[in-house]
Amino acid sequence: MTRDKIEEFIEINTPHAEVKLINGMDDAFVGICERIGMLPVAAYDTNKCIEILEQDNEMEHEEAADYFGFNIIGAWEGEGTAVFITSMEKE
């Protein structure tokens, strides 16, 4: 998915919110997460984020997972900080 398509999706679905995106993780973007009383935030696929780190940075899986946990999930950017979804595999 391209950044332009993501920004267009956000503008259509949450026109009055400033949704923060993560650079380099566009292919892991899955949508917008909303909860009552909270700002809408970008939602990303955890496993896809780790795959991107593995491919783009030539990291082993465990190294990419550690980097993701510390530097991406651990990066607090205020109320607009993205959320991450770990999907259950479908049978």
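The structure reproduced in this document is the subject of the present report. (Residues numbered from 1 in each chain as written. Predicted model: local features only at pLDDT ≥ 70, side-chain atom pairs only at ≥ 80, totals over all residues. Heavy atoms only, no water.)

Our focus in this paragraph is the pattern of salt bridges. Summed over the entire model, instances satisfying the criterion amount to two salt bridges. Where Arg3 meets Asp26, a salt bridge forms, and the shortest distance between an N and an O atom there is 2.9 Å. Of this pair, Arg3 sits in helix H1 (residues 3-13) while Asp26 sits in the loop between H1 and strand E1 (29-33), and the two are 23 residues apart along the sequence. On the accessibility criterion, Arg3 (22% relative accessible area) is partly exposed. In this structure Asp26 comes out as buried when scored by relative accessible area, which is 15%. For Glu51, the salt bridge identified is with Lys48, shortest N-O distance 3.8 Å. One end of the pair, Glu51, and the other, Lys48, are both in helix H2 (residues 46-57), three residues apart, so they sit about a helical turn from each other. (Salt bridge = Lys/Arg side-chain N within 4 Å of Asp/Glu carboxyl O. Helix = DSSP H or I, 4+ residues; strand = E, 2+ residues; numbered from the N terminus. Buried < 20%, exposed > 50% of the residue type's maximum accessible area, 1.4 Å probe, protein only.)

By size, the foremost hydrophobic cluster in this structure holds 19 residues, and its most contacted members are Leu21, Met25, Phe29, Ala42, Tyr44 and Leu53. The leading source of residues in this core is H2, at four residues. Leaving out residues up to four positions away in the same chain, Met25 has contacts with Tyr44, Cys49, Ile52, Leu53 and Ile72. (Core = buried A, V, L, I, M, F, W, Y, C linked by side-chain atoms within 4.5 Å. Contact = heavy atoms within 4.5 Å.)

Together, Glu60, Glu62, Glu63 and Asp66 line one region of the surface with negative charge. Position of Glu60 among the secondary structure elements: in the loop between H2 and helix H3 (61-72). Residue class for Glu60 comes out exposed when judged on its relative accessible area of 61%. (Patch = residues over 30% accessible without salt bridge, like charges linked within 9 Å, V, L, I, M, F, W, Y side chains within 5 Å. Areas by Shrake-Rupley, 256 points an atom, 1.4 Å probe, with all protein chains shown as cover. Lys, Arg positive; Asp, Glu negative; His and termini not counted. Charge placed at Lys NZ, Arg CZ, Asp CG, Glu CD.)

Let us look at the packing of aromatic side chains. Tallying each qualifying case throughout the model produces four aromatic pairs. When the centroid spacing of 5.8 Å and the interplanar angle of 80 degrees are considered together, the rings of Phe29 and Tyr44 count as edge-to-face. One end of the pair, Phe29, is in strand E1; the other, Tyr44, is in strand E2 (residues 41-45), with 15 residues separating them in the sequence. For the pair formed by Phe29 and Tyr44, the shared burial category is buried. (Phe/Tyr/Trp six-rings, centres within 6.5 Å; stacked < 30°, edge-to-face > 60°.)

Once that is clear, we can look at the sheet that holds strand E3 (residues 83-85). With mixed pairing, three strands are arranged side by side in an open sheet as E1-E2-E3. With one partner strand each, in any of the chains shown, E1 and E3 form the two edges of the open sheet. Across this sheet, the average inter-strand angle for adjacent strands is 35 degrees, counted without regard to direction. With four bridges connecting them, E1 and E2 associate as antiparallel partners. Bridge pairing in E2 links Gly31 to Ala43. Along the sheet face, H2 touches E2 and E3 and points at about 70 degrees away from the line of E2. (Pairing = 2+ DSSP bridges. Axes fitted to C-alpha atoms, helices over the stretch in contact; angles between N-to-C directions.)

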